[in-house]
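Structure at a glance
What follows is the residue order along each chain.
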Amino acid sequence: MSVLDRIAERQLVVVTGKGGVGKTTLTAVLGRLLADRGKRVLLLEVDPRESLHQALGTEPSGGGIVQAGPGLSIQNLQPDAVIEGLVREKVPIPYLARKITESVAFHQFVEGAPGLKETALLGHAYRVLHGGHRPRTDLVIVDAPATGHSATMLAAPGLLAQAAEGGQLGAMASDLAAFLADASRCGVVLATLAEEMPIQETLELIALLRAKLGIRPDLIVANGMYPPLPPGAAQDPGRSLWRARRRLNEAELARLSASWDGSLLELPLLPLDRGPALVNALASLLKRAEP
Ligand SMILES: Nc1ncnc2c1ncn2[C@@H]1O[C@H](COP(=O)(O)OP(=O)(O)OP(=O)(O)O)[C@@H](O)[C@H]1O
Ligand SMILES: [Mg+2]
């Protein structure tokens, strides 16, 4: 079974990595690839700066679901809005629901409860998958916050379940924690650059996920690789710089491979701006990069 086959079997995939390494781009690439395989995929973006729509060439989500092609949609999600939506659902009288969400006590609870916001985001993904939503979604891919924050996010439902000690909220958090711990349904994909700091953070995140949550990533993607230097006249500065970057990429990949024996795929740095052309080109390269 190839790594993309394995990821296609998942219900939830969390894409994370250091800031700026290509998480959003990779989320769009995986979404495109898996939708092309006939999966109904929802990409959830947590970042309020909203850039996923630019990668896929749609209008911004602004919180709603936006179609990005056959079988592929995106949604930008803000935790406060998700939590307020839950209150409105449980308290169907609009006036009362508003009184609750506008109260100081409610805001103190939302800000103070450990892991509540992160749990709300993952809980939204769980409800999209299992809450009887139509049209059905087979797979949710989360464009997660950068490294440390994503480990906090994945640990949040377990912490909240302990803190809530039963009750409706505790039961919901504990169901979600069990779902996240199920390696047959949930996976993590790490994006990185083959440079010193991102590789260091990747190694630290692998160790953290294992120690804290018992999670082993499905895949690491080394993005933005300088392509090998084509043969030709050797001495101009541009070529020297290219060669130096390529050597650095290779050395850092070797350092990663010395501690990581799981799936590792490379994507090149392409001379294309953020947008569908870049995503489509990277999607066909990722498919071909599979052994
Ligand atoms: N393989 C690539 N070739 C060319 N450009 C790329 C490649 N991968 C990503 N980019 C570009 O690099 C920039 C950063 O990528 P992206 O927004 O996906 O990173 P990110 O990890 O989501 O960043 P952030 O941490 O800020 O959310 C974008 O402009 C994107 O188009
Ligand atoms: Mg991003």
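Residues numbered from 1 in each chain as written. Chains lettered and ligands numbered in written order. Predicted model: local features only at pLDDT ≥ 70, side-chain atom pairs only at ≥ 80, totals over all residues. Heavy atoms only, no water.

**A look at a nonpolar patch on the surface**
Taken together, Ile 93, Tyr 95 and Leu 96 make up a surface patch of nonpolar side chains, about 310 Å² in accessible area. Here Ile 93 shows up in the loop between α4 (79-90) and α5 (94-101). (Patch = residues over 30% accessible without salt bridge, like charges linked within 9 Å, V, L, I, M, F, W, Y side chains within 5 Å. Areas by Shrake-Rupley, 256 points an atom, 1.4 Å probe, with all protein chains shown as cover. Salt bridge = Lys/Arg side-chain N within 4 Å of Asp/Glu carboxyl O. Helix = DSSP H or I, 4+ residues; strand = E, 2+ residues; numbered from the N terminus.)

**Some remarks on helix α8 (residues 147-164)**
In this model α8 runs 26 Å from its N-terminal to its C-terminal C-alpha over 18 residues, within 8% of the 26 Å that 1.5 Å per residue would give. The sharpest bend along α8 measures roughly 40 degrees and falls at Ala 156, with the proline Pro 157 sitting one to four residues further on. Within α8, the full set of buried residues consists of Thr 147, Ser 150, Ala 151, Met 153, Leu 154, Ala 155, Ala 156, Pro 157, Leu 160 and Ala 161. Where α8 is buried, its residues touch β1 (12-16), α7 (116-130), β5 (139-143), α9 (167-180), β6 (186-193) and α10 (196-213). (Expected span 1.5 Å × (residues − 1). Bend = angle between axes of the 7 residues up to and from the residue. Buried < 20%, exposed > 50% of the residue type's maximum accessible area, 1.4 Å probe, protein only. Contact = heavy atoms within 4.5 Å.)

**Observations concerning the nonpolar core**
With 49 residues, the main nonpolar core has Leu 12, Val 14, Val 140, Val 142 and Leu 256 as its most contacted residues. Take this core: its biggest share by element is 7 residues, from α7. Setting aside residues no more than four positions away along its own chain, Val 142 makes contact with Leu 12, Val 13, Val 14, Val 15, Thr 27, Leu 44, Val 46 and Met 153. Counting residues in hydrophobic clusters, the runner-up holds 37 residues, among them Leu 30, Leu 43, Leu 72 and Leu 193. (Core = buried A, V, L, I, M, F, W, Y, C linked by side-chain atoms within 4.5 Å.)

**Some thoughts on the packing of α4 against α5**
Running from amino to carboxyl end, α4 crosses α5 at an angle of 145 degrees, the nearest separation of the two axes being 9 Å. For the element pair α4 and α5, the recorded crossing hand is right-handed. Residue-level contacts link Glu 84, Val 87 and Arg 88 of α4 to Ala 97, Ile 100 and Thr 101 of α5. Looking at side-chain class alone, the contact of α4 with α5 contains 3 nonpolar, 1 polar and 2 charged residues. (Axes fitted to C-alpha atoms, helices over the stretch in contact; angles between N-to-C directions. Left-handed = near helix turned anticlockwise from the far one by under 90°. Nonpolar A, V, L, I, M, F, W, Y, C, P; charged D, E, K, R; others polar.)

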